[in-house]
Each structure stands twice: as structure tokens, then as C-alpha cells.
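Listed below, chain by chain, are the residues.
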Amino acid sequence: MKMLVGSLALVAALAGTSLSGAHAQETIKIGVTQPLTGAFAASGNYVAQGTKIAEEEINNAGGVLGKKIQLVIEDNKSNPTEAVTTVEKLIGQDKVPLLIGAWSSTLTLAVMPKLEEYKVPMIVETSSSGKITTSGNPYVFRISPTSEMEAKAFQPLVKQMGIKKADFLNTNNDFGIGSADEFSKMLKANGVEVGVRETMDPAATDFSAQLAKIKASGGDTLFVTTAVEQLTLILKQAKEQQLKVRVVSCGGSNSPDQIIAQAGAAAEGSFHTTFFPPWFPDVTTNPDVSKRYMDGWKKRGFNVGGLTEGYRGYDAVYVAVAAIKAAGKADPEAIRKALWDVQVKGVYGNIHFNKQGPAGKESGQNVPTVYLVAVKDGKVQKPQF
Amino acid sequence: MTRFTPWLFVAALATVPLWMNDYYYLHVLITTGIFIIAAMSLNLLLGYTGQLSLGHVAFFGIGAYTSALVSLGFKVHIAPDTVVSLSPKPVWFAILCAIVVTGIVGYSIGKLSFRVRGAYFVIVSISFAEVVRLVALNWLELTQGPMALNSIPALTLGFGDYTISFLRKPQFFYLMLVMAVVSYLIVARLVNSRAGRAMIALRENESLAMSVGIDVTRYLVLATVVSAAIAGMAGALYTHYIRIVDPNIFLFIYTVTMVIMVVTGGKGTLAGPIVGGVVFGIVPEVLRGMKIVPEVQWIVYGVLMIAIVYFLPEGIVPAVQRALASGRRAFAGLTILTESKAEEK
Amino acid sequence: MNQLLQHLLNAVILGGTYALLGIGLTLIFGIMRVVNFTHGELYAFGAYCMYALVMRLGFDFFASLLLAVALGALVGAVIELVLLSRLRRADIDTTMLVMIGAWIIMQNAEQLIWSGVALSITSPFPSNPLVLGPASVSWTRVYVFVVALLLIAGTYFLINRTKLGKAMRATFQDRDTAALMGIRIDRIHTATFAIGSSLAAAAGALLGPVFVVQPTMGDLAAAKAFAVVILGGMGSVPGATIGGFVLAFAEELGAGYISSGYRDAMGFVLIILILLVRPTGLFARKERIG
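Only a predicted model underlies this, so the values are computations on that prediction, with no experimental measurement involved. Starting afresh in each chain, residues are numbered from 1 along the sequence in its written order. Here the convention is simple: chains get letters from A, ligands get numbers from 1, in the order in which they are written. It should be noted that, the model being predicted, local features are given only for residues of pLDDT at least 70 and side-chain atom pairs only at 80 or more, the latter also being counted only at that level, while totals for whole chains, interfaces and linings use all residues. Only hydrogens and water are removed before side-chain values are computed, so all heavy atoms of the structure are retained for them.

Caption draft 1: Looking closely at the overall build of chain A. Each helix is a run of H or I in the DSSP string that is no shorter than four residues. Each strand is a run of E no shorter than two, and both are numbered from the N terminus. In terms of helices and strands, chain A carries 13 helices and 16 strands. Against the compact-globule benchmark of 21 Å for 385 residues, chain A has a radius of gyration of 22 Å, which places it among compact chains. If you line up chain A on its principal axes, its C-alpha atoms span 65 × 55 × 45 Å. For chain A, buried positions account for 66% of its 385 residues. For chain A, restricting intrachain contacts to residue pairs at least 6 apart in sequence, the fraction spanning at least 24 positions comes to 69%. Every accessible area reported is derived by Shrake-Rupley at a probe size of 1.4 Å, with residue values counting cover from the shown protein chains alone. Of the roughly 12800 Å² of accessible surface on chain A, a fraction of 54% belongs to carbon and sulfur atoms. The charge count treats Lys and Arg as positive and Asp and Glu as negative. His and the chain ends do not count. A charged residue contributes its charge at one atom only: NZ of Lys, CZ of Arg, CG of Asp or CD of Glu. Averaging the locations of the 41 positively and 37 negatively charged side chains of chain A gives two centres separated by 2 Å. We compute the radius of gyration over the C-alpha atoms and compare it with the globule rule, which gives 2.2 Å times the number of residues raised to the power 0.38. Summary of the burial criterion: residues with accessible area below 20% of their type's maximum are buried, those above 50% are exposed, and those between are partly exposed, where the area comes from a 1.4 Å probe applied to protein chains only. Any two residues having at least one pair of non-hydrogen atoms within 4.5 Å are treated as being in contact.

Structure follows, in C-alpha cells:
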């Protein structure tokens with residue numbers, strides 16, 4: 001009896017949700033899955049904000065194929081199972097012809113099998129793990145760089161900065177480990193001695209033990225890969241322990257503005273890689289696009305610290321729309337084919353997709369520009385060597 | 001009526017893939033179903049033996065990883081010169097391994113942890129799950145750590161030319177349903193047996209049970225082994241459905257979900273985890289469908305949890321049972337009243 | 001050698017804060033037997049209070065600490081009165097689930113109000129560290145350490161030398177007899193929870209300027225607090241104090257000399273070992289188990 005009640009409730013609830021999901025056919029939907037709550041909420045929300053700016057701009061210019069675009073943004077709660085659920089919902093219920101997501105590499109990897117199952121392409125806007133584009137999934141199109149690309153782009157600076165011995169401190173997840181692996185490989189190939197490789201839990205706030213070890217190692221440069229909150233703490237604690245090394249932060253989730261605001265004097269003399277330098281929009285490949293994005297961001301009053309992440313969502317939507325336009329219809333297969341020929345002037349640079357991965361099942365990979373900025377006199381500056 | 005209702009329920013569920021075309025709903029039902037299996041196993045520990053285990057997700061995760069590793073194959077150096085390796089095995093074998101391994105882990109943990117009770121046991125169980133998570137996170141050679149084990153194969157069963165692949169949702173739904181029924185039957189058999197009665201006795205009053213000669217540790221360990229094995233099986237199912245596993249599977253929030261399902265449904269009742277599972281598996285998706293901000297969705301979830309626990313502290317199932325019973329009594333009383341009135345005429 | 005000295009100094013300073021986290025919880029978990037999942041949220045609440053008072057409203061740094069502690073006590077009292085008062089005779093898992101629900105609500109409310117972006121609180125202390133030979137420590141951390149010790153001493157005094165403390169101990173030793181002796185049980189419950197919560201808020205208010213403030217900051221803090229309580233023995237304030245230092249040393253030396261990745265595992269491994277070898281913790285009086 002109680003089970004009957006239970007099952008009736010179940011069906012009723014699901015039926016209710018489907019009624020509330022009734023949609024008009026006048027818009028072209030684009031699915032977005034991002035971590036809006038949970039551990040990655042800060043970054044996920046920045047990316048979502050970036051997508052919304054693009055959505056409004058595109059719709060004000062008339063939309064695409066005569067219709068307006070509609071972003072359906074779902075929260076994947078920084079959790080792989082939820083990421084899969086969001087993709088199921090976006091494809092199954094909202095019937096989106098393409099997706100943008102899922103922020104972290106683990107979340108993206110979790111949804112990749114679904115893309116192949118339902119044959120819907122996804123634009124990967126942030127994830128950095130090499131695996132994503134080398135697993136033989138033809139529905140993945142990544143506009144963000146891999147850690148390998150970042151390390152390669154850094155190579156010419158090794159001699160300029162005079163790095164002789166480097167230590168590593170990275171967060172204990174795919175992002176941190178992947179970055180440390182690629183950078184240490186690149187440094188070794190360039191004759192730099194690699195000292196210690198310390199790790200920390202993504203939620204840790206105290207790095208005194210790791211920093212003490214790094215101090216004892218005696219390297220001249222410390223490569224740190226983690227998110228901005230931990231980076232702030234690392235810089236502050238390094239100062240407390242009188243760690244006199246040059247800090248280079250990698251990964252692009254580092255928001256130098258926020259670091260200066262929160263770490264103050266401790267940030268002085270540090271370097272940060274970024275894929276978009278909002279302080280020098282003129283050195284970017286497409287300054288007019290960069291400025292348009294920044295104006296849109298400031299107009300909406302979003303947190304300035306998020307400029308270094310929001311553009312990922314912004315560019316992703318523009319790429320999506322370019323593909324839809326080239327495809328001529330809101331059909332996943334047509335869009336997937338169209339993505340290969342897409343050339344978009346984005347904040348990331350001139351976006352296009354190269355083939356990467358096993359033959360016959362290649363994924364698309366963009367080659368964005370990588371920049372290095374320095375913090376000097378309390379401001380973000382172009383590095384001088 | 002009561003004897004056949006569960007089977008009617010199962011039969012009704014079996015028809016679902018035939019008419020439910022929306023794969024999103026099927027997905028929600030499948031993941032809810034897998035968590036309900038895990039919740040049923042937790043109910044054995046939490047509801048029937050009365051031990052508040054908050055580390056249950058460890059068994060779920062160990063089952064998931066074992067099955068993934070056996071089906072993918074692995075190679076580890078346990079000492080600088082000694083390598084242990086395994087070539088990929090068929091998925092059904094991997095799932096069996098998962099069940100056995102988790103059962104063994106359950107046995108060891110059971111023997112060790114039941115030196116303490118109550119609040120201490122809660123902490124031990126949480127700590128155990130955390131340590132397992134950290135091992136999965138840091139033992140990169142075996143588990144790939146946060147880089148995750150992906151491309152996990154789906155289950156295929158075949159005899160000669162007949163193969164069924166449990167890759168697509170409708171097939172997987174049936175697999176999940178069968179495993180759920182099997183788990184339910186195992187738990188029901190155990191609970192209604194002599195061992196089960198011993199467990200309930202020690203839940204009610206451990207010292208009294210001991211004085212009557214019940215070997216408390218033995219039954220606690222038995223409950224843990226069965227509970228762990230079922231949870232491990234659920235974890236294995238999960239990993240061959242989602243086809244990626246990373247240390248996030250050990251997140252505390254999953255244990256919380258399972259505990260909520262058991263306690264709000266009605267711990268110590270067989271239907272409890274199912275009803276609780278349905279409610280708390282579906283609720284987040286219903287909330288997602290409503291146009292409210294994610295943080296508020298979570299807040300509503302929290303409020304709902306508190307409300308149910310507050311107003312129905314024994315759970316939904318016992319409350320419904322009581323309501324029905326008093327309904328019957330009222331009805332019976334009414335019948336007698338009207339009958340006697342009729343007689344008086 | 002220099003590295004060892006730095007590790008030891010780090011451990012001492014960290015120990016003070018862990019001890020502070022632990023004594024608040026040992027009162028609630030150890031004495032009231034409530035598995036208090038909101039402890040971490042009160043810690044975060046204390047930090048957010050400091051942020052709001054110091055950075056948004058411009059109050060004095062030290063006065064804000066007192067205010068944050070007072071507000072923490074208030075929130076604790078409210079939680080106890082609204083949620084826990086009717087559950088005093090309920091199962092441990094019922095109260096636990098209610099606390100989990102409260103935890104979910106508080107954390108998401110914080111994210112709703114402040115967003116998930118990390119916030120920082122400027123401390124009035126100089127940013128150059130205090131140098132002690134080859135090791136150094138920031139002034140803010142020294143201040144935190146000193147205040148933590150004062151609060152720990154204050155709590156010890158409260159529990160053991162005041163009437164309220166005596167009433168608390170009596171209530172949790174034997175509630176019915178205490179009631180017969182005229183102690184207002186409900187008031188004691190509320191007071192205990194409020195005091196424990198205010199200590200968590202104090203820890204958060206002290207550490208907010210050292211670290212950054214974000215909605216998830218309470219989770220790790222709560223995990224450490226539970227470890228400290230188990231180490232020291234439930235309900236023992238001196239036990240929690242020493243437990244705090246033991247945990248800090250284990251973590252700092254373990255991370256320094258064994259493996260930094262497993263740093264946060266140290267606490268849990270210790271818990272398991274202690275509970276298997278000496279279940280009552282290092283310092284609690286003999287307690288009946290089961």
C-alpha cells in the first residue's frame with residue numbers, strides 16, 4: 001500500500017516537472033552545465049556570467065538563423081554524478097543541440113560518454129586535462145588550452161627568467177597534478193633542476209608544512225597551480241615563513257586582481273600565467289572583442305576579479321552561435337560538422353579547432369595564447385626581464 | 001493484499017521503460033534506484049542493528065573502484081621491485097569481485113570498529129570513509145587519483161550469439177530493478193531469520209541481549225558483511241552505469257543522502273529506504289525544475305529534511321502504517337456502531 | 001634542523017587554534033551527545049561576522065571579535081531552542097539529521113548572501129613576520145594563539161569554578177537527579193550549546209583574518225574539531241586542549257616528513273588508532289561504552 005503511494009508520488013512528481021518544462025519553439029537553446037554551488041562555485045558562476053553577457057549581445061544583434069538564442073544553465077554542484085544528470089536533463093528534456101561545460105576536468109570527463117551516446121557536441125571552456133581531447137571522442141571541442149600547451153608557451157621564458165631550480169606546489173586534483181607534470185617535464189627538458197613537488201588538498205588552508213619543505217629545498221622559483229583562494233593563502237604564508245623565492249602561478253584560474261587585493265604586500269614580485277590579461281587588452285589578439293567583453297562585464301556590475309574567468313563562457317557562446325549559423329539548423333550532427341570549420345575572433349584569440357586524438361575519432365582543440373603578468377608595486381604589470 | 005503489493009509494485013516499475021521515453025527521467029530513476037539499494041544495505045546496520053554508521057559510502061566506493069579496476073586491468077608496484085598486475089576481466093566477474101572484496105573489508109572493519117559504540121562509532125565510521133577517500137586520492141598508480149578512471153566498460157552478458165549489453169538506459173533499468181529486488185529479498189530474509197531477531201534484540205538493549213547469550217559481535221559483524229557486500233554491489237552497478245569513477249565518490253554528501261533516505265523513510269522497516277529513497281532522490285530533481293536559484297534549492301532541501309525528521313521522527317513508513325491502522329480501527333468502530341444501531345431497530 | 005624548528009613553531013601555533021575548535025565541540029558533542037554538524041558553520045559564521053563588521057561597517061578589529069563571539073552565542077542559542085529542544089529524548093540519529101539539515105541551510109544561506117568568492121579581512125598587525133631565529137611566524141597568528149589560550153583558560157574556569165559550570169556538569173552526568181536538585185535543565189542545554197557555538201564562532205573570527213572567508217571554510221574545521229574531541233576524550237576540556245596540540249603536531253610533522261598529500265588524513269588515522277587502542281581518548285575518565 002505504502003509502496004503504491006510512493007510510486008504514484010514518484011510518477012506525479014516527474015510528470016509535474018515535465019509540465020513546468022514546456023517551451024516555446026521560437027528560441028534556439030544552448031545547454032550550459034557549470035558548478036554553481038559546491039567547491040567550484042565561485043569560478044562556475046563567473047563562467048555562467050560570461051555566457052549571459054554573450055547571450056544578451058547576440059540576441060540584441062538579432063540572434064541566429066532568425067531566432068533568439070536561449071541559454072539553459074544547469075548547476076552540476078561540482079559533482080560528477082550531478083554533471084551527468086545535468087547533461088541528461090539538457091539533452092533529454094530541453095533537447096539542446098549543443099552544450100557548453102563542464103568546468104573542471106573530472107566533471108567534463110564524466111559527461112563525455114553521454115555526448116557520444118546521444119551524439120551531441122560540447123564546447124569545453126575551462127578544463128585542462130590532456131585526456132579530454134585524446135580519448136577519441138569526436139563530440140568534444142575544447143577552446144581552453146591544455147597544461148601541456150601552457151608549459152610549451154612558457155618555455156622561452158625559462159632562460160629569460162634565469163630559472164635554475166624549480167619547486168612545485170599544486171593542488172591534489174587533475175588540474176594541479178596535470179599542470180605540475182607538464183611543467184616539470186618542460187623544465188627538465190630545458191635543463192632546469194626540479195626540486196620538491198608538494199601537494200595539498202583543494203580545501204586546505206594551511207600550507208606551513210609544505211612551504212617549510214620548499215624553503216629547505218632551496219629552489220629559485222616556485223610553480224604553484226591551484227585556485228585563487230589557495231594561491232592568496234600560499235603567498236601570505238610564504239611571506240610569513242620568509243620564503244624568498246619567485247612564485248609563478250599557473251593554470252589560469254588565478255585572478256591577480258583578487259590576489260593583490262587580498263594578499264597585499266605578499267603578492268609583490270609574483271608572476272601569473274593567464275589566458276586573458278584584462279589589464280592590457282591591447283596586447284590580446286582581438287583587442288576589440290576583449291574590450292567589448294570587459295565593457296559588458298563592468299556594465300552589469302559583476303565582480304572585477306572574475307574578468308579572468310568569465311571570458312571562457314563568453315567565447316564559448318560565440319563559438320556555439322558561429323557553429324549554429326554555419327550549420328544552418330539547430331541540429332547536433334550538423335553543428336558538430338560545422339564546428340570543425342569555425343573561425344571566431346574571441347577573447348581567447350583566433351579560435352579554431354585542430355584535430356587531436358586517435359585517427360577517425362578526433363576531438364577539436366584550439367590553440368589559445370598564453371600570457372605572463374607580474375605583480376609589481378601593487379599592480380599588475382607586464383613582466384620585465 | 002499485503003503479500004502481493006510489493007510484487008505489484010515491482011511489476012508496475014518493470015513497465016516503466018516501455019512508456020517512459022524521456023531518458024532524463026529514466027536516468028533519475030536509475031541513479032535513485034542504485035542509491036536505494038545502498039540505502040537498504042545501510043538500513044541493515046542503521047535500522048536493524050542500531051549502529052549509526054556514517055561511513056557507508058566507503059563500501060559503496062570500494063565496490064565501485066574494485067569493479068572498475070578489475071574490468072580495466074591494473075598494474076601496481078607494491079614494493080620497488082614487485083609488481084602486481086591484472087589484465088582486464090569481464091564485467092560480470094568484476095562485479096562479483098567487488099562484492100567479495102567489499103564483504104571482506106566489511107568483515108575487517110566490523111571486527112575492529114565494534115569495540116566502540118554510539119557517538120564514538122559514528123566518528124570511527126566517518127574517519128574510515130575519509131581515510132579510504134584519501135587513499136583513493138593519493139595512490140595514483142592504482143586509482144589514477146583525481147584524474148579518474150574513465151572509459152569503464154558496460155556490462156555485457158552473453159551466451160554464444162546472444163549478448164545483451166547493459167549500456168543503454170532501458171536495459172540498465174531492468175538490471176538495476178533485478179538487483180534491487182534481489183537485495184531487498186536478501187535483507188528481508190536476514191531480518192526475518194534468527195540472526196535478524198538477534199540483531200533487533202541487540203539494537204533494543206545490548207546488555208540484555210548479551211545476558212541472554214547472544215553473541216553481539218558476531219551478529220554485528222554479520223550485519224556489516226552483508227551490508228557492505230550489498231553496498232559494494234550497488235557501487236559496482238553505479239560505476240558501470242556512469243562509467244567513470246574518481247575519489248569524489250567517497251564524498252560525505254553521498255553518505256548523508258543514504259542516511260536521509262533510511263531515516264526519513266523509516267529505519268528498521270523494509271520499505272523505509274525505498275520510500276525515503278524515492279522522496280529524496282526525486283526531490284532534488286523537482287527542485288531543479290523549479291525556477292529558483294541553486295542555493296535556494298539546497299535550502300529547501302535542508303528545510304524538508306528537518307521537517308520530515310521533526311514531524312515524523314520514526315519515518316514516513318511507520319507514520320503511514322499508524323495512520324492506516326487507526327483508520328482501520330475507526331472504520332471498525334464505525335461498523336460496530338452502525339451494526340449495533342441496526343440491531344437495536 | 002631549521003626546517004624542524006619551523007615545523008615545531010607552526011605546530012604550536014596551529015595547536016592553539018585546533019584546541020579552541022575542539023573545546024567548543026567537546027562541550028556539545030562530548031557532554032550533550034549531539035553530533036553537531038553545525039559546528040563548522042558557526043566557525044564560518046564567526047568569520048563572516050568579522051568580515052561584515054570590520055570590512056563593511058568599519059568597526060574596530062578587537063571590538064568586532066567580541067561582537068562576533070556574542071552573536072555566535074546567540075545563533076547557538078537559537079539553534080538549540082528552535083531545533084533541538086524538542087529532540088532531547090530522541091535518538092542520536094534524529095538529532096544528527098536535523099543538524100545536517102541545519103548545516104546545509106546555513107552554508108547555502110552564506111553562499112546566497114555573500115556568493116562563493118573568497119573574502120579577506122585586513123588585520124591591524126604588520127605583515128612582516130616575527131622572526132625567532134631561523135623560524136618565523138606572522139603577528140596575526142601570534143595574536144590568535146594568545147587569544148585562543150585565554151579563551152581556553154576562560155572556558156576551563158567556567159566549567160570547573162562557576163555555578164553554571166557545576167550545573168552543566170551535573171546535568172550531563174545525571175539529568176534526572178540534576179532536575180530533582182532544582183537545576184533548570186532546558187536552560188542548561190541552551191547555555192551549553194550557546195557556549196560551544198560561541199567558541200566555534202570565536203575560532204572563526206580569529207582565523208578569518210589569517211585565512212580567507214568562504215562558505216565552505218567550516219567543513220574542514222569541523223572535521224578537525226571532531227578529531228580533536230575524540231583524541232582528547234569527549235567532554236574533557238583539558239583533553240581537547242592537549243588533543244588540539246597532538247593533532248597539530250601529527251599533521252605538521254607528518255606533512256613535513258612523511259607526505260604532504262596525506263596531511264589531512266593524519267587526523268583521521270589518529271582517530272581510528274586511538275579509538276581502537278584507547279577508545280575513551282587520551283584523557284577522559286573511564287566511560288561505559290555502549
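Caption draft 2: Highlighting unusual backbone geometry. Residues and elements named next belong to chain A. Here the residue pair Gly101 and Ala102 is connected by a cis peptide bond, since its omega of -5° sits within 30 degrees of zero. Relative to the assigned elements, Ala102 resides in the loop between strand E3 (99-101) and helix H4 (105-118). With phi around 60°, Lys119 is a residue other than glycine that occupies positive phi space. Position of Lys119 relative to the elements: it lies in the loop between H4 and strand E4 (122-124). Here Lys119 falls in the partly exposed class, since its relative accessible area comes to 47%. Here Gln242, not a glycine, exhibits a phi torsion of approximately 60°, which is positive.

Caption draft 3: Structural detail: the pairing of strand E6 (residues 165-171) of chain A. Residue and element names in this part refer to chain A. Of all seven residues in E6, seven are buried, a share of seventy percent or more. Neither face of E6 is open: one carries Lys165, Asp167, Leu169 and Thr171, the other Ala166, Phe168 and Asn170, and all of them are buried. Sheet topology places E6 next to strand E7 (residues 193-200); six bridges connect them, and they run parallel. Looking at E7, one finds that Lys165 is bridged to Glu193. Running through helix H7 (residues 174-189), the crossover from E6 to the neighbouring parallel element E7 is right-handed. Paired strands are those between which DSSP finds at least two bridges. Strand direction decides the pairing type here: E6 and strand E8 (residues 221-225), joined by five bridges, are parallel. Bridge pairing links Asn170 to Thr225 in E8. Think of it like this: strands point away, you trace from the first strand over the helix to the second, and a clockwise trace means the crossover is right-handed.

Caption draft 4: Fine view of the pattern of salt bridges. In the sections that follow, a salt bridge refers to a side-chain nitrogen of Lys or Arg positioned within 4 Å of a carboxyl oxygen of Asp or Glu. For the structure shown, the criterion picks out 24 salt bridges over all chains. Across the pair Lys213 of chain A and Glu198 of chain A runs a salt bridge, and its minimum N-O distance is 3.3 Å. Placement of the pair is Lys213 of chain A in helix H8 (residues 208-217) and Glu198 of chain A in strand E7, with a sequence separation of 15 residues. Looking at Lys213 of chain A, the relative accessible area reads 16%, which means it is buried. On the accessibility criterion, Glu198 of chain A (5% relative accessible area) is buried. Here the salt bridges do not stand alone but share partners, grouping Glu74, Lys77, Glu82, Lys89 and Asp94 of chain A together with Glu285 and Arg288 of chain B into one network.

Caption draft 5: Looking closely at the sheet that holds strand E1 (residues 27-34) of chain A. All names here are of chain A. The seven strands are arranged E2-E1-E3-E4-E5-E14-E13 in an open sheet whose pairing can be described as mixed. At either end of the open sheet lies a strand with only one pairing partner, and these are strand E2 (68-75) and strand E13 (354-356). Going from strand to strand, the sheet's axes swing by 25° on average, the running direction of each strand aside. Summarising the sheet, E13 and strand E14 (residues 363-365) pair through three bridges and their orientation is antiparallel. Each axis is a line fitted through C-alpha atoms, and for a helix only the stretch in contact is used; angles between axes span 0 to 180 degrees, taken between their N-to-C directions.

Caption draft 6: Inspection of the interface of chain B and chain C at higher detail. Counting residues at the interface gives 38 residues for chain B, matched by 43 residues for chain C. Put simply, buried area is the surface a 1.4 Å probe can reach on two separate parts but cannot reach once they are joined, added for both. Counting the surface lost from both chain B and chain C, the interface buries some 3600 Å², and carbon and sulfur atoms represent 81% of this. Together, Tyr120, Ile123 and Tyr310 of chain B form the three largest contributors to the area buried by chain B at its contact with chain C, with a combined 20%. In this structure, the connection of chain B to chain C is made through zero salt bridges.

Caption draft 7: Layout of the pairing of strand E1 (residues 74-79) of chain B. All names here are of chain B. Strand direction decides the pairing type here: E1 and strand E2 (residues 82-86), joined by five bridges, are antiparallel. Considered in E2, the bridge of His77 is made with Val83. Linking E1 to E2, which pair antiparallel, is a turn of two residues.

Caption draft 8: Geometry of the sheet that holds E8 of chain A. Residue and element names in this part refer to chain A. Taken together, the seven strands give an open sheet; going across it, the order is E7-E6-E8-E9-E10-E15-E16, and neighbouring strands pair in mixed fashion. Edge positions in the sheet fall to E7 and strand E16 (379-381), since each of these pairs with one other strand and no more. Sheet twist, expressed as the average angle between the axes of neighbouring strands with direction ignored, equals 25°. Each of E6, E7 and E8 touches H8; the most contacted strand, E7, lies at about 175° to it.

Caption draft 9: Just the side chain of Arg288 of chain B, in detail. On the secondary structure map, Arg288 of chain B appears in helix H13 (residues 272-289). The definition of a polar contact used here is a pair of N or O atoms within 3.5 Å, where within protein one atom must be able to donate a hydrogen and the other to accept one, and adjacent residues in sequence count solely through side-chain atom pairs. In this structure the side chain of Arg288 of chain B is engaged in a polar contact, spanning 3.3 Å, whose partner is the side chain of Glu74 of chain A. Here the side chain of Arg288 of chain B touches Glu82 of chain A through a polar contact of 2.7 Å, side chain to side chain. Beyond its immediate sequence surroundings of up to four residues, Arg288 of chain B is in contact with Glu74, Asp75, Lys77, Glu82, Thr85, Thr86 and Lys89 of chain A together with Tyr24 and Gln297 of chain B.

Caption draft 10: Examining the interface of chain B and chain A more closely. Facing the 49 residues of chain B at the interface are 41 residues of chain A. Linking chain B with chain A are three salt bridges, by the criterion used here. Between Glu82 of chain A and Arg288 of chain B there is a salt bridge, and its shortest N-O distance comes to 2.7 Å. The tally of links from chain B across to chain A stands at 10 residue pairs in polar contact (both at pLDDT 80 or more). Elements with a minimum of two residues in the side of chain B that touches chain A: helix H1 (5-14), helix H3 (23-48), helix H6 (118-138), helix H8 (169-191), helix H11 (216-242), H13, helix H14 (294-311) and helix H15 (316-344) of chain B. Here the side of chain B that touches chain A gets seven residues from one element, more than from any other, and that element is H13 of chain B. Grouping the amino acids of the side of chain B that touches chain A by side-chain chemistry returns 31 nonpolar, nine polar and nine charged. Asp, Glu, Lys and Arg are counted as charged, while Ala, Val, Leu, Ile, Met, Phe, Trp, Tyr, Cys and Pro are counted as nonpolar; the rest, among them Gly, fall into the polar class.

Caption draft 11: Spotlight on the packing of aromatic side chains. Pairing of aromatic rings covers Phe, Tyr and Trp, the last counted by its six-membered ring, and requires centre-to-centre distances within 6.5 Å; plane angles under 30 degrees mean stacked, over 60 mean edge-to-face, and any other angle means tilted. Under the definition given, this model contains 43 aromatic pairs over all chains. Seen from their ring centres, Phe173 of chain B and Tyr174 of chain B are 6.1 Å apart, and the 80° between their planes marks the pair as edge-to-face. Among the aromatic residues, those joined into a ring-pair cluster are Tyr46, Phe276, Tyr293, Trp297, Phe302, Tyr311, Tyr314, Tyr318 and Tyr348 of chain A. Our definition puts a charge over a ring when NZ of Lys or CZ of Arg is within 6 Å of the ring centre and also within 35 degrees of the ring normal. Directly above the aromatic system of Tyr139 of chain A lies the positively charged group of Arg336 of chain A, at a separation of 5.4 Å from the ring centroid. Above the face of the Tyr219 of chain B ring, Arg218 of chain B is positioned so that its terminal group lies 5.3 Å from the ring centre.

Caption draft 12: Representation of the nonpolar core. For our purposes a nonpolar core is just a set of buried Ala, Val, Leu, Ile, Met, Phe, Trp, Tyr and Cys residues, chained together by side-chain atoms within 4.5 Å. Counting residues in hydrophobic clusters, the biggest one holds 254 residues, and the most contacted among them are Leu99 of chain A, Ile34, Phe60 and Tyr301 of chain B together with Phe29 and Ile100 of chain C. Residue contributions to this core peak at 18 residues, all from H3 of chain B. Setting aside its immediate chain neighbours within four residues, Ile34 of chain B contacts Phe60, Phe172, Met176, Ala234, Leu237 and Tyr238 of chain B. Membership of the second largest hydrophobic core comes to 46 residues, among which are Phe141, Ala316, Tyr318 and Phe353 of chain A.

Caption draft 13: Seen up close, empty space enclosed by the protein. Residues and elements named next belong to chain B. Buried and open spaces are told apart on a 1 Å grid over the protein atoms alone, a cavity being a set of points where a 1.4 Å probe fits but cannot get out and a pocket being an open set with protein on both sides within 12 Å along at least five of seven lines. Residues with an atom within 4 Å of a point are the lining residues. Grid points are joined across faces, edges and corners, and a volume is the space filled by probe spheres set on the points. The final tally for this structure, using the stated rule, is eight cavities of 30 Å³ or more. Space inside the second largest cavity adds up to approximately 110 Å³. Among the elements of the structure, helix H5 (91-113) and H6 are those that each provide at least two residues to the lining of the second largest cavity. In terms of residue count, the dominant contributor to the lining of the second largest cavity is H6 (four residues). Residues belonging to the lining of the second largest cavity are distributed by class as follows: seven nonpolar, six polar and no charged.

Caption draft 14: Highlighting H8 of chain A. Residue and element names in this part refer to chain A. With eight of 10 residues buried, H8 lies mostly within the body of the structure. Every buried residue of H8 is accounted for by Ser208, Ala209, Gln210, Leu211, Ala212, Lys213, Ile214 and Ser217. After H8 finishes, the residue Gly218 shows a positive phi value of roughly 80°.

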